Amino acid sequence: LVTVMAVARHWALGAAQEAVHDGRLSAVEDVFLLELEELKQVMTGEWSSPEQVLPLIEQRRAEQAAWAAQEPAEVVAD
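Residues numbered from 1 in each chain as written. Predicted model: local features only at pLDDT ≥ 70, side-chain atom pairs only at ≥ 80, totals over all residues. Heavy atoms only, no water.

Student: What's the story with the overall build of the protein in this structure? I'm lost.
Tutor: Helices and strands together make up the secondary structure of the protein, namely three helices and zero strands. Along its sequence from the N terminus, the protein presents helices and strands in the succession α-α-α. On C-alpha atoms alone, the protein measures out to a radius of gyration of 16 Å, which is more than a quarter above the 12 Å that the 2.2 N^0.38 rule sets for 78 residues. Along the first, second and third principal axes, the C-alpha atoms of the protein reach 55 × 35 × 20 Å. Counting only residues that meet the buried cut, the protein has 27% of its 78 residues in that class. Restricting the contact set of the protein to residue pairs at least 6 apart, pairs at least 24 apart contribute 47%. If you sum the accessible surface of the protein, you get close to 5900 Å²; carbon and sulfur atoms cover 60% of it. Looking at charge distribution, the protein has the averaged site of its 5 positive side-chain charges lying 8 Å from that of its 14 negative ones. (Helix = DSSP H or I, 4+ residues; strand = E, 2+ residues; numbered from the N terminus. Rg over C-alpha atoms; globule rule 2.2 N^0.38 Å. Buried < 20%, exposed > 50% of the residue type's maximum accessible area, 1.4 Å probe, protein only. Contact = heavy atoms within 4.5 Å. Areas by Shrake-Rupley, 256 points an atom, 1.4 Å probe, with all protein chains shown as cover. Lys, Arg positive; Asp, Glu negative; His and termini not counted. Charge placed at Lys NZ, Arg CZ, Asp CG, Glu CD.)

Student: Explanation requested: the side chain of glutamine 41 in the structure shown.
Tutor: Within the element layout of this structure, glutamine 41 appears in helix α2 (residues 36–44). Residue class for glutamine 41 comes out buried when judged on its relative accessible area of 15%. Apart from residues no more than four positions distant in its own chain, glutamine 41 is found in contact with Glu46 and Trp47.

Rendered as structure tokens:
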């Protein structure tokens with residue numbers, strides 16, 4: 001499993017570098033904000049323009065920021 005995950009990470013980062021080069025991503029780490037099907041669409045050229053990818057990345061960043069800004073829930077011990 002570790003080998004498969006390492007290969008998948010390498011594959012995703014390769015796709016990210018190509019997408020950064022042509023403007024579909026702003027940063028390599030943005031690739032990890034994509035779901036597997038979305039990554040496939042970037043890799044195969046189905047999503048070939050920044051207009052198809054960048055709004056989704058911005059939405060996911062906003063969701064992450066909102067999640068991070070939430071107050072932690074109190075844990076009540078029995």
